[in-house]
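# Geometric and topological summary
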Amino acid sequence: MIFGATSADMCLFHKALEQWGLQTQIYKTFEEIAELNVELARGLIERSLDPDKVADEIADVYIMLHQLAYGLGINEGVNERVNYKMERLVKILAHEIKDDSQA
């Protein structure tokens, strides 16, 4: 099971992929990421982020990324990478390692 997803979530991801297919959901992921980019850019330009709009777009991206991980069969790989990167962030913040990538 992917990081933060429940069994009910996994059933929904399966149904969505069954209905629309992986390729369509990849395109939808591009769309949702673009909408988040637009909202963040708008907030920076206007010097005022709308927390509700940003939260809504993050939620859309979050759901689509979970669907992709499920559809590609890489749930465990994603979990491993999330754990690795979180541990790396802890070390970076503790100044234990030099970070060249900005996490």
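Before any of the text, the structure's been laid out above.
Everything numeric here is computed off the predicted structure, so don't read it as measured data.

### Some points on the environment of Cys 11
Along the polypeptide, Cys 11 turns up in helix α1 (residues 7–20). Its relative accessible area of 48% is what places Cys 11 among the partly exposed residues. As for Cys 11 and Gly 73, which are separated by 62 residues in sequence, their C-alpha atoms are 14 Å apart.

### As for the packing of aromatic side chains
The final tally for this structure, using the stated rule, is one aromatic pair. Seen from their ring centres, Tyr 27 and Phe 30 are 6.2 Å apart, and the 70 degrees between their planes marks the pair as edge-to-face. Within this pair, Tyr 27 and its partner Phe 30 are both found in helix α2 (residues 22–46), separated by three residues, close to a single helical turn. Exposure remark for Phe 30: the relative accessible area of 52% places this residue in the exposed category.

### Focus on the pattern of salt bridges
Under the defined criterion, the tally for this structure stands at three salt bridges. Between Glu 31 and Lys 28 there is a salt bridge whose closest N-O contact spans 3.2 Å. Taken together, the residues Glu 31 and Lys 28, both in helix α2 and three residues apart, mark about one turn of the helix. Using a relative accessible area of 37% as the deciding quantity, one classes Glu 31 as partly exposed. A residue is classified by how much of its surface remains accessible, and Lys 28, at 30% relative accessible area, is partly exposed. Among the ionic pairs, Lys 28 bridges to Glu 32, the shortest N-O distance being 3.3 Å. One end of the pair is Lys 28 and the other is Glu 32, both in helix α2 and four residues apart, which spans about a single turn.

Conventions used here
Residues numbered from 1 in each chain as written. Predicted model: local features only at pLDDT ≥ 70, side-chain atom pairs only at ≥ 80, totals over all residues. Heavy atoms only, no water. Helix = DSSP H or I, 4+ residues; strand = E, 2+ residues; numbered from the N terminus. Buried < 20%, exposed > 50% of the residue type's maximum accessible area, 1.4 Å probe, protein only. Phe/Tyr/Trp six-rings, centres within 6.5 Å; stacked < 30°, edge-to-face > 60°. Salt bridge = Lys/Arg side-chain N within 4 Å of Asp/Glu carboxyl O.

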